[in-house]
Amino acid sequence: MSIRPVKRVVQSKPTIEGAGVKLRRAFGFGDTQETDPFLLLDDFRNDQPQDYLAGFPWHPHRGIETITYVLAGTVEHGDSLGNRGRLGAGDIQWMTAGRGIMHQEMPQGDAKGRMHGFQLWANLPSALKMTAPRYQDVKASEVPEAVDDDSVRVRVLCGEFWGKKGPVEGVAADPRYLDVFVPAGRRKKLKVETERHAFAYIFEGDGRFAYASKPFGILTEKQVDGEEILVREAVGDRSLVLFDPGDEIDVQAGERGIRFLLVSGKPIEQPVAWYGPIVMNTRAELEQAVNELRNGTFIKS
């Protein structure tokens, strides 16, 4: 077995989306080579209702799958095909936009006004970009949780891990999407197949991801005895960790433990052409989608 080296650690960046929702973007709308088949990861987490209640009104999607995972509060959603629903804490929605839908998502806080969730975009290969749209809505009670002897807990949203199979199936990118908690002071190795791209996104606690015996954290300037020095800090909240190839990752939890998303998938390795939430392979396909939006033929029967 070979430990995956850490390629890079970056902090998610403040971003405003929808009708004024304040969120943090781990990656998206840039070079997809390192994260293929994944295109974007947003962390929408806020304690101030005025920063999220405007939501994400009607907008188009084509050529991708969107995965929404809610941890606190609720998200009411609807689309141009007549689908309606509400996602609560621990629920998942895996939406295959395919040839196109109009969609809206309106977040609501919990009793204390808190809202927290993630949205991940997965690319569709060219052969499936114009497939029929579909939904997979999954309740929290349907998501299996595996607990190891050392109290490490893993919720399996998609894919197979430690003998548990996630409830989301038939996704083109064949991803594994895990919600991992490693208790304080524990060190854990987690398997990730070599042929997959993989990343971790930390949202609680802190820790260190290592290869061999060398810890890798965020390089930070600090003053010690009046002198500025560079030190490796533990990777903490809202940090994205990108991994190089290997068979497994190695994480050492800090004093508060560490909780993170561990996402991996097989690269599609096809050209990516962006126009917001429309992702195709060529500029000509994007222009066709925009023209269809303008003339009212975007939604296919």
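In what follows, the accompanying structure is described. (Residues numbered from 1 in each chain as written. Predicted model: local features only at pLDDT ≥ 70, side-chain atom pairs only at ≥ 80, totals over all residues. Heavy atoms only, no water.)

### Brief notes about the overall build of the chain
Consideration 1: Scanning the chain for helices and strands turns up 1 helix and 26 strands.
Consideration 2: At 20 Å, the chain has a C-alpha radius of gyration in line with the 19 Å of a compact globule built from 301 residues.
Consideration 3: The C-alpha extent of the chain, read off along each of the three principal axes, is 65 × 45 × 45 Å.
Consideration 4: When burial is assessed residue by residue, the chain has 51% of its 301 residues classed as buried.
Consideration 5: Of all intrachain contacts in the chain linking residues separated by at least 6 positions in sequence, the fraction that spans at least 24 positions is 74%.
Consideration 6: Carbon and sulfur atoms make up 48% of the accessible area of the chain, which totals about 13,600 Å².
Consideration 7: Mean positive and mean negative side-chain charge positions of the chain (39 and 43 charges, respectively) differ by 2 Å. (Helix = DSSP H or I, 4+ residues; strand = E, 2+ residues; numbered from the N terminus. Rg over C-alpha atoms; globule rule 2.2 N^0.38 Å. Buried < 20%, exposed > 50% of the residue type's maximum accessible area, 1.4 Å probe, protein only. Contact = heavy atoms within 4.5 Å. Areas by Shrake-Rupley, 256 points an atom, 1.4 Å probe, with all protein chains shown as cover. Lys, Arg positive; Asp, Glu negative; His and termini not counted. Charge placed at Lys NZ, Arg CZ, Asp CG, Glu CD.)

### Observations regarding the environment of V192
Consideration 1: By the secondary structure assignment, V192 is in the loop between β18 (187-191) and β19 (197-211).
Consideration 2: Here V192 falls in the buried class, since its relative accessible area comes to 1%.
Consideration 3: For the pair V192 and K300, spaced 108 residues apart in sequence, the C-alpha to C-alpha distance is 38 Å.

### Here we look at the sheet that holds strand β7 (residues 74-79)
Consideration 1: Ordered by their spatial adjacency, 4 strands build an open sheet running β5-β10-β7-β8, and the pairing between neighbours is antiparallel. Looking along the sheet, the strands with just one partner apiece sit at the ends: β5 (56-61) and β8 (84-87). Adjacent strand axes in the sheet meet at a mean angle of 25° when their direction is disregarded.
Consideration 2: Pairing of β5 with strand β10 (residues 101-108) involves 4 bridges; the strand directions are antiparallel. Note on β10: the bridge partner recorded for H61 is I101. (Pairing = 2+ DSSP bridges. Axes fitted to C-alpha atoms, helices over the stretch in contact; angles between N-to-C directions.)

### Focus: the nonpolar core
Consideration 1: Counting residues in each nonpolar core, the largest one holds 25 residues, and the members touching the most others are L120, Y177 and F199.
Consideration 2: Counting 24 residues, the second-largest nonpolar core is a separate cluster that includes V156, L178, F243 and V251. (Core = buried A, V, L, I, M, F, W, Y, C linked by side-chain atoms within 4.5 Å.)

### As for the pattern of salt bridges
Consideration 1: In the structure shown here, the tally under the stated rule is 27 salt bridges.
Consideration 2: Put simply, E193 and R176 hold a salt bridge, and the shortest N to O gap is 2.9 Å. Of this pair, E193 sits in the loop between β18 and β19 while R176 sits in strand β17 (residues 176-182); the two residues are 17 residues apart in sequence, bridging distant segments of the chain.
Consideration 3: Here the salt bridges share partners, and the residues they tie into one network are D174, R176, E193, R196 and K266. (Salt bridge = Lys/Arg side-chain N within 4 Å of Asp/Glu carboxyl O.)

### A word on the sheet that holds strand β2 (residues 13-17)
Consideration 1: Here we have 7 strands laid out as an open sheet, ordered β2-β3-β4-β11-β6-β9-β12, and antiparallel in their pairing. Edge positions in the open sheet fall to β2 and β12 (134-138), since each of these has one partner strand only. Neighbour-to-neighbour, the strand axes of this sheet turn through a mean angle of 20°, independent of strand direction.
Consideration 2: Judged from the 5 bridges that link them, strand β9 (residues 92-96) and β12 form a sheet pairing that is antiparallel. Directly across from T96, in β12, lies its bridge partner R134.

### Some details on the packing of aromatic side chains
Consideration 1: Across all of its chains, the model carries 11 aromatic pairs by this definition.
Consideration 2: Plain terms: the ring middles of F29 and W274 are 4.9 Å apart, the flat faces sit at 50° to each other, and that makes the pair tilted. Here F29, found in the loop between β3 (21-27) and β4 (38-46), pairs with W274, found in strand β25 (residues 273-275); they are 245 residues apart in sequence, far enough to count as distant.
Consideration 3: Using a relative accessible area of 21% as the deciding quantity, one classes W274 as partly exposed.
Consideration 4: Their ring planes at 80° and their centres at 5.5 Å tell us that F209 and F260 sit as a pair that is edge-to-face. Linking F209 in strand β19 with F260 in strand β24 (residues 248-265), this pair joins segments that are 51 residues apart in sequence.
Consideration 5: With a relative accessible area of 0%, F260 lands in the buried category. (Phe/Tyr/Trp six-rings, centres within 6.5 Å; stacked < 30°, edge-to-face > 60°.)

Without other data, these values stay purely geometric and don't point to any function.
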